[in-house]
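Residues per chain are reported as follows:
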Amino acid sequence: MGFFDFMTQEIAIDLGTANTLIIHNDKVVVDEPSIVAKDIILNKVVAIGKKAQQMHGKTHKTIETIRPLKDGVIADFSAAEQMIRGMIKMIPRRKSIFSPALKMVICIPSGITEVEKRAVKDSAEHAGAKEVFLIHEPMAAAIGIGVDVLEPKGNMIIDIGGGTSEIAVISLGGIVTDKSIRVAGDNFTTDIRIYMRNHHNIDIGERMAEKIKINVGAALQELEEPPANFAVHGRDLMSGIPKEIIVTYKEIARALDQTISQIEQAVLAALGQTPPELSADIYNTGIYLTGGGSMLRGLDKRISLKTKLPVYVAEDPLRAVARGTGIALKNTENFPFLIR
Ligand SMILES: Nc1ncnc2c1ncn2[C@@H]1O[C@H](COP(=O)(O)OP(=O)(O)OP(=O)(O)O)[C@@H](O)[C@H]1O
Ligand SMILES: [Mg+2]
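Just so it is clear, the model here is predicted, and its values are computed rather than measured.

A. Summary view of the pairing of strand β3 (residues 27–33). Note that strand β2 (residues 19–24) and β3 share 6 bridges and pair antiparallel. Bridge pairing in β3 links Leu21 to Asp31. Hairpin remark: β2 followed by β3, antiparallel, with 2 residues in the connecting loop; positive phi at Asn25, about 50°.

B. Main features of the site of ligand 1. Residues in close proximity to ligand 1 total 22 residues, the closest being Gly16, Ala18, Gly161, Gly185 and Gly292. Contributing elements (two or more residues each) for the shell around ligand 1: α5 (185–200) and α6 (206–216). In terms of residue count, the dominant contributor to the shell around ligand 1 is α6 (3 residues). Per-class residue counts for the shell around ligand 1 are 6 nonpolar, 13 polar and 3 charged.

C. Region of the structure containing unusual backbone geometry. With phi around 50°, Leu172 is a residue other than glycine that occupies positive phi space. Examined against the element boundaries, Leu172 turns out to sit in the loop between β12 (165–171) and β13 (174–181). The class for Leu172 is partly exposed, based on 14 C-beta atoms found within 10 Å. Within the chain, Asp316 stands out as a residue other than glycine whose phi angle is a positive 45°. Tracing the sequence through the fold places Asp316 in the loop between β18 (311–313) and α10 (320–330). When the 13 C-beta atoms within 10 Å are taken as the criterion, Asp316 is described as partly exposed.

D. Inspection of the sheet that holds β2 at higher detail. Judged by pairing direction, the sheet is mixed, and its 5 strands sit side by side in the order β3-β2-β1-β9-β10 without closing on themselves. Single-partner strands in this sheet number two, and they are β3 and β10 (131–136). Within the sheet, the average angular offset between the axes of one strand and its neighbour, ignoring direction, is 20°. Sheet topology note: the strand β9 (residues 103–108)/β10 ladder contains 6 bridges and is parallel. The residue of β10 that forms the bridge with Val105 is Phe133. Those strands touched by α10 are β1 (10–15), β2, β3, β9 and β10, and its axis lies near 150° from that of β1.

E. Representation of the nonpolar core. Of all hydrophobic cores here, the largest spans 94 residues; its most connected members are Met104, Ile106, Ala142 and Ile252. The dominant element in this core, judged by the number of residues it contributes, is helix α7 (residues 249–272), at 10 residues. Sequence-distant contacts of Ile252, defined by excluding residues within four places in its chain, comprise Ile192, Ile212, Val216, Gly217, Ala218 and Val247.

F. Structural context of the environment of Arg85. Mapping Arg85 onto the fold places it in helix α2 (residues 77–89). Spatially, the C-alpha atom of Arg85 lies 39 Å from that of Leu271, the residues being 186 residues apart in sequence.

Cut-offs used in this document
Residues numbered from 1 in each chain as written. Chains lettered and ligands numbered in written order. Predicted model: local features only at pLDDT ≥ 70, side-chain atom pairs only at ≥ 80, totals over all residues. Pairing = 2+ DSSP bridges. Helix = DSSP H or I, 4+ residues; strand = E, 2+ residues; numbered from the N terminus. Near = placed C-beta within 6 Å. Nonpolar A, V, L, I, M, F, W, Y, C, P; charged D, E, K, R; others polar. Buried ≥ 20, exposed ≤ 12 C-beta atoms within 10 Å, placed from the backbone. Axes fitted to C-alpha atoms, helices over the stretch in contact; angles between N-to-C directions. Contact = placed C-beta atoms within 7 Å. Core = buried A, V, L, I, M, F, W, Y, C linked by C-beta atoms within 7 Å.

If you want it as C-alpha cells, here you go:
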C-alpha cells in the first residue's frame, strides 16, 4: 500500500528544471526547488527540495546533490522518480480509507522527444499514477495567464524557465508556431559565474550567482529603477582567500547580453514562422512573458524594443505554468490537446 492510498486523487505537476510545483484542489500545495540530496554510500535520498538546496555546493564526499532535470527534461531517471515521490509525500493529506486511482497532469517542454515523454510518464507511473496526461508547457502557461486557448485567435507566449525558453503561438487549442531553445535562467547563472572569474578573479558558487541574478540581474544597461549594488562573496582565484567585491546591474547586463540575444533571435524566428492572420492578432495583443527568467529586470522592455510589440510579464510568472496545469487537470475532457 503506497502513500497515494491516503489522499485525494488528482494532482497537477509542473516538473521544472529549477522548481517543481504541485497543485491539488486548485491550490499550490508543493513549491520546491528540483533538487535531491543523496547519500552515495547508502545510495539513499536524504533530502528533497529546499532542504537539499541548502546542501547544494556545500556537500562532502558521501553526500551528493543532484538536479534530476536538465534543459527541461529528465536527465537522471532514478533521482527524478524519487523526487516526484518525495514531493507527492509533501502534500498535506486527508486520511481516507479509499484507495482511488490517481490522476496526474504533468507539463512537459514542447521540444521534448518521444523517448523523453515516455520517461516522464514512466516516472509518474512508478510514483503511483494510474492515469497520466501530459500538456505542453507553453499551452499550460497560456491557460495559466488566462488566455482562452480554444479561441481562433493567435497569442504569443514566451516561457523562460531554468532550463528552456519556449516561444509559442497558440490558436484553436493548438500550438501553431513553436520554438524551444535550451537557453534560459540556468545559462544566466552560468554567465554570471564566468563573468566573475574573468573580470574579477573571483570564483563563486551557483547559489551566489543566483543571488546576484535576483538582486542585480538586468537585461538592459540602463534601467529606470536601478537596483542597489550587490556585495558578492567568493574565493579569490589568485590567493585562494575569501573575498568580497561589489557589482552593479550594468555589469550583469553586460554579462548576460549574449545569452539574452539568443532568446531574442528565437523570438524573431518564431514571429517569422507565424502565419499572417495570427501575426495580425499578435500585433494587436502583444507578447506574454512567463517563467522565472521573465523576472529579469528590463527583459520585457528589451524584447519589446527588439520586436516593436507590447510585451507583458504575467502576474506571478513563476506559477503561471502550474496554474494552467491545474486548470487542465479539471478539464481533461474538454481539452483535446492533452496527451495521453
Ligand atoms: N527575480 C528573478 N530574476 C531573474 N531570474 C529569476 C528570478 N527569480 C527566479 N529566477 C530564475 O527563474 C528560473 C526558474 O524559473 P521557473 O521556475 O519558471 O523554471 P522551471 O519551470 O523550473 O524550468 P523549465 O521550465 O525550464 O523546466 C531560475 O533560473 C531562477 O534563477
Ligand atoms: Mg517551467
